[in-house]
Amino acid sequence: MKPARRVSARLGAIAPSATLAVDSKAKALKAAGRPVIGFGAGEPDFPTPEFIVEAAAAAVHDPKNHRYTPATGLPELKKAIAAKTLRDSGYEVDPANVVVTNGGKQAVFQAFASIVDPGDEVLLPAPYWTTYPEAIALAGGTPVEVFAGADQDYLVTVEQLEAARTDKTKALLFCSPSNPTGAVYSPEQTQAIGEWALEHGIWVITDEIYEHLLYDDAVFTPIVRAVPELADQCIVVNGVAKTYAMTGWRVGWMIAPADVTKAASNFQSHLTSNVANVSQRAAIAALEGGLDEVHEMRAAFDRRRRTMVEMLRAIDGVVCPTPKGAFYAYPSVEGLIGRTVGGVEITSSADLATVILEQAEVAVVPGEAFGPSGFLRLSYALGDDDLVEGVTRIQRLLAQ
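The rules behind the values
- Residues numbered from 1 in each chain as written.
- Predicted model: local features only at pLDDT ≥ 70, side-chain atom pairs only at ≥ 80, totals over all residues.
- Heavy atoms only, no water.
- Patch = residues over 30% accessible without salt bridge, like charges linked within 9 Å, V, L, I, M, F, W, Y side chains within 5 Å.
- Areas by Shrake-Rupley, 256 points an atom, 1.4 Å probe, with all protein chains shown as cover.
- Salt bridge = Lys/Arg side-chain N within 4 Å of Asp/Glu carboxyl O.
- Lys, Arg positive; Asp, Glu negative; His and termini not counted.
- Charge placed at Lys NZ, Arg CZ, Asp CG, Glu CD.
- Helix = DSSP H or I, 4+ residues; strand = E, 2+ residues; numbered from the N terminus.
- 1 Å grid on protein atoms, 1.4 Å probe; cavity = no way out; pocket = protein on both sides within 12 Å on 5 of 7 lines; lining within 4 Å.
- Points joined across faces, edges and corners; volume = space filled by probe spheres on them.
- Nonpolar A, V, L, I, M, F, W, Y, C, P; charged D, E, K, R; others polar.
- Pairing = 2+ DSSP bridges.
- Axes fitted to C-alpha atoms, helices over the stretch in contact; angles between N-to-C directions.
- Contact = heavy atoms within 4.5 Å.
- Buried < 20%, exposed > 50% of the residue type's maximum accessible area, 1.4 Å probe, protein only.
- Expected span 1.5 Å × (residues − 1).
- Arc of directions from axis to C-beta.
- Parallel < 35°, antiparallel > 145°, perpendicular 65-115°, else oblique.
- Left-handed = near helix turned anticlockwise from the far one by under 90°.

Trainee: What should I look at first to understand a negative patch on the surface in this one?
Mentor: Taken together, Glu 50, Glu 54, Asp 292, Glu 293 and Glu 296 make up a surface patch of like negative charges. Looking at the negative patch, the elements that each hand over two or more residues are helix H3 (50–60) and helix H12 (292–313). Ranked by the residues each element gives to the negative patch, the list is headed by H12, at three residues. Its location among the elements puts Glu 293 in helix H12.

Trainee: I would appreciate a short explanation of the layout of surface pockets in the present structure.
Mentor: Empty space among the atoms becomes visible once a probe the size of a water molecule is rolled across them. Its volume calculated, the largest pocket comes out at about 540 Å³. Around the largest pocket, the lining comprises 26 residues; the ones closest to its centre are Gly 42, Lys 105, Trp 129, Lys 242 and Arg 250. Contributing elements (two or more residues each) for the lining of the largest pocket: helix H2 (18–31), helix H5 (103–115) and strand E7 (234–239). The residue inventory of the lining of the largest pocket, partitioned by class, reads eleven nonpolar, eight polar and seven charged. Volume-wise, the second largest pocket comes out at about 330 Å³. Along the walls of the second largest pocket sit 17 residues, with Asp 23, Lys 30, Gly 38, Ala 381 and Leu 382 positioned nearest its centre. Among the elements of the structure, H2 and strand E1 (37–38) are those that each provide at least two residues to the lining of the second largest pocket. Counting residues per element, the lining of the second largest pocket draws most heavily on H2, at four residues. Each residue belonging to the lining of the second largest pocket can be placed in one class, and the counts come to eight nonpolar, three polar and six charged.

Trainee: Explanation requested: the sheet that holds strand E8 (residues 252–255) in the structure shown.
Mentor: Sheets are built from strands that pair by backbone hydrogen bonding, the pairs being arranged parallel or antiparallel. Read from one edge of the open sheet, seven strands run E2-E8-E7-E6-E5-E3-E4, paired in mixed fashion. Looking along the sheet, the strands with just one partner apiece sit at the ends: strand E2 (98–101) and strand E4 (142–147). In this sheet, neighbouring strand axes are inclined to one another by 20 degrees on average, regardless of whether the strands run parallel or antiparallel. Pairing of strand E5 (residues 169–175) with strand E6 (residues 203–207) involves five bridges; the strand directions are parallel. Note on E6: the bridge partner recorded for Leu 173 is Ile 205. On top of the sheet, H5 reaches E2, strand E3 (121–126), E5, E6, E7 and E8; it is set at about 30 degrees to E8, its chief contact. In this fold helix H8 (residues 187–199) packs onto E3, E5 and E6, with an angle of close to 165 degrees to the strand it touches most, E5.

Trainee: Just to check I follow, could you spell out the side chain of Thr 221 for this structure?
Mentor: Within the secondary structure, Thr 221 is located in the loop between E6 and helix H9 (223–226). On the accessibility criterion, Thr 221 (10% relative accessible area) is buried. Ignoring anything within four residues of it in the chain, the contact list for Thr 221 reads Tyr 185, Ser 186, Pro 187, Thr 190 and Ala 226.

Trainee: Looking at this model, I keep getting lost on the sheet that holds strand E9 (residues 328–329). Mind explaining?
Mentor: Pairing within the open sheet is antiparallel, and its three strands lie in the order E9-E14-E13. Looking at the sheet topology across the chains shown, the edges are occupied by E9 and strand E13 (365–366). One ladder, built from two bridges, connects E13 with strand E14 (residues 376–379); its direction is antiparallel. Bridge pairing in E14 links Pro 366 to Leu 376. Packed on one face of the sheet, helix H13 (residues 349–360) meets E13 and E14 and runs near 45 degrees to E14.

Trainee: Which parts of the structure should I look at to understand H2?
Mentor: Helical periodicity: at 3.6 residues per turn, an α-helix aligns residues three or four positions apart in one direction. Taking 1.5 Å of rise per residue, 14 residues should cover 20 Å, and H2 covers 20 Å from first to last C-alpha, within 8% of that figure. Those residues of H2 lying buried are Thr 19, Val 22, Asp 23, Ala 26 and Leu 29. The arc enclosing the buried residues of H2, seen along the axis, measures out at 125 degrees, which places them on a common side. Turned more than 90 degrees away from the buried face of H2 sit Leu 20 and Ala 31, all of them exposed. Each element contacted by the buried residues of H2 is listed here: H13, strand E12 (362–363), E13 and E14.

Trainee: Looking at this structure, how should I read the packing of helix H4 (residues 75–89) against helix H11 (residues 277–288)?
Mentor: Packed helix pairs are specified by the crossing angle of their axes together with the interaxial distance, meaning the distance between the axes. For the pair H4 and H11, the least separation of the axes is 9 Å and the interaxial angle reads 25 degrees. Relative to H11, the element H4 lies roughly parallel. The hand of the H4/H11 crossing is left-handed. Only Gln 280, Arg 281, Ala 283, Ile 284, Leu 287 and Glu 288 of H11 make contact with H4, whose side of the interface consists of Glu 76, Leu 77, Ala 80, Ile 81, Lys 84 and Arg 87. Class assignment for the residues of the contact of H4 with H11 results in six nonpolar, one polar and five charged.

So far we have only geometry, and geometry alone does not tell us how the molecule works.
Set out below in structure tokens:
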């Protein structure tokens, strides 16, 4: 008799988060006394701004926050999200079409779960954030990678998307500014992609979590503002984590047409109920409190970005496009494949990341976590001194 499966096939097929795995390994080595510098985690190294913390502290003492509240979010927060969308994205949304979620990841998962059926294909520009394909698969869909390399600044074209489109294509994931590459689509590119999706009746799930982290001449272009007619087949996911250094507060949201909002709301009512009320009150303060401290954090990220790109480009065999958003550099290390580094033959970027961790004591995430091999992701959301020391170690190792 065949033994019963102990873990469901659905959950057994999920790959662990590579970025969190790298961060966890780096922290474990540091705890063991190794001087590891971690470029793995995608979170700001700044504390949450004090005015947000004070709002949360006040909320703790208010008994109304000790009880259940509406599963889809506090009405005050949904209104604040609608007002923030008008302010930052330039178009109006009905607060009733906002669902507040436990972080941006829940918003991403519920977005796919709301519109994807088994057999549906979802176009996934690569390199992609490691959670996207897992969320698509859990919803029963099939991720279809559309790859753009360093020679394209990691930006896919309408022609590439059209070549990947089939009669099973249900949705497109659009992320600008991008995790993991830091690439930012221009207003013209965003409009062209939005018009293509509209023409073919393809849903767009647009992840706008890095909207305020832009550099040089890059501008944030909400795809719904670029193509207003797309609003009825578009789901916007966002949150406070990256902009306000609130990764641990777990507040995200999705904005969708009424029928999708209803489906996601029903799902969330059974899955998690409401987000922690203290975190929601903190998010209200963040969204209503202005962006002065955000701009200070962005200035620090910009300085670190320029330092990291310059140092990476100094390494023979490394090609590093200039990231225009988020806080990641995504160098191509394809020129190092086949070489011997630290006595180890490098056959993939995963090999290279392992050698860098073991011999240089620097944690980076290999490209295999985000699509094809041959790349590394390094977050520059860490202190300036650690950044310089970490990349210097990589330079020394690769110069051998």
